[in-house]
Amino acid sequence: MKPQCGGKPVIYLFSSASIQASVRLSLVKEWAFSAIYPVVPIKTYPPVGQTLEWHVQTHPDGTLTEHSTNLRTSYLFWEAEYSDRHRPLSPPPSPSAGPVFNPVHSTVSDADSVVLPVTQITPYLDAALTALSLHVEARTSFITYWLPSILKHTHIALRFVPQAAYEKAAPLEVTPQPDVLTRIFMLWKGVTSAELRSGVWQNSVQRASMDVEMWKGIVGIQEFPSMYDESAFRVLEWGGMEVHKS
């Protein structure tokens, strides 16, 4: 079985004026960083997980300069894989515990996803990501990053993780505090024709016809003027993970 890997989460920082900022990212101990850019030291604090911190200067054109490496970049990049050095502390929580994201026990099910043929995935994702406030470049990068893997299947089940649940698995602290912080993380998996014929994805197939605006409430996106205010200090992260297990 392939490892559960958080694929290309990237973090954008936007401000109309130059800002000195620190971006501190931590992981639960079931996850470990597998790649980061710019490369900065990764620290481990037992019994919790790994932590890193970027110190950046934002630029009005949307780019960043990371101070320790003196690299200018469009965004901060990280990936993480399941760390077999650590066993999960407990089995997956029951649904009554509320929305939870655990990189080890991540699932996509008929109860929380949409199922679409791959021929409809790109327009659906573009519309959903637009509703979730991603700008054109972010939407394009998101879709093209996942598209080669998606095209290996005939149908896809996908869902977006509630921000509050995702934050518990990968806490992000930005200083100074941004006016807007948006974190979008998608879980997805391939669905076979046999599974569709069996009816196990019936609700997900029907849910795919609903307005993509539904993902705002699920993810926890709140509309307010500063979200689209180019003078505000805005932080946006997107990422995802293919769920390999059934």
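Scroll up to find the structure.
The structure presented is a predicted model; accordingly, all values stated were derived computationally and were not measured.

Student: Just checking my understanding: could you explain the overall build of the chain for this structure?
Tutor: A tally of regular secondary structure across the chain gives six helices and 13 strands. Burial status across the chain gives 52% buried among its 246 residues. When contacts within the chain are restricted to residue pairs at least 6 apart in sequence, long-range pairs at least 24 apart make up 80% of them.

Student: Explanation requested: the side chain of S141 in the structure shown.
Tutor: Tracing the chain through its elements places S141 in helix α2 (residues 136-150). A residue is classified by how much of its surface remains accessible, and S141, at 13% relative accessible area, is buried. When neighbours within four sequence positions are excluded, S141 is seen to be in contact with Y12 and W238.

Student: Whenever I open this one, the packing of aromatic side chains confuses me. Can you help?
Tutor: To describe a pair of aromatic rings, you give the distance between the ring centres and the angle between the ring planes. Within this structure, the stated rule accounts for 14 aromatic pairs. Seen from their ring centres, F142 and W238 are 5.1 Å apart, and the 55° between their planes marks the pair as tilted. Taken together, the residues span a long stretch of sequence, with F142 in helix α2 and W238 in strand β13 (residues 234-242) at a distance of 96 residues. Owing to a relative accessible area of 0%, F142 belongs among the buried residues under this scheme. Accessibility expressed as a relative area gives 0% for W238, which makes it buried. Each residue in the set W31, F33, W78, F101, Y166 and F185 is aromatic and connected to the rest through ring pairs, giving one cluster.

Student: What's the story with the pattern of salt bridges in this structure? I'm lost.
Tutor: Two side chains that carry opposite charge are able to pair once their charged atoms sit near each other. For the coordinates displayed, the defined rule picks out seven salt bridges. Across the pair R72 and D61 runs a salt bridge whose closest N-O atoms are separated by 3.3 Å. Taken together, the residues span a long stretch of sequence, with R72 in strand β7 (residues 71-73) and D61 in the loop between β5 (50-58) and β6 (64-66) at a distance of 11 residues. With a shortest N-O distance of 3.0 Å, K216 and E213 are connected by a salt bridge. For K216, a relative accessible area of 16% corresponds to the buried category.

Conventions we followed
Residues numbered from 1 in each chain as written. Predicted model: local features only at pLDDT ≥ 70, side-chain atom pairs only at ≥ 80, totals over all residues. Heavy atoms only, no water. Helix = DSSP H or I, 4+ residues; strand = E, 2+ residues; numbered from the N terminus. Buried < 20%, exposed > 50% of the residue type's maximum accessible area, 1.4 Å probe, protein only. Contact = heavy atoms within 4.5 Å. Phe/Tyr/Trp six-rings, centres within 6.5 Å; stacked < 30°, edge-to-face > 60°. Salt bridge = Lys/Arg side-chain N within 4 Å of Asp/Glu carboxyl O.

None of this, on its own, says anything about what the molecule does.
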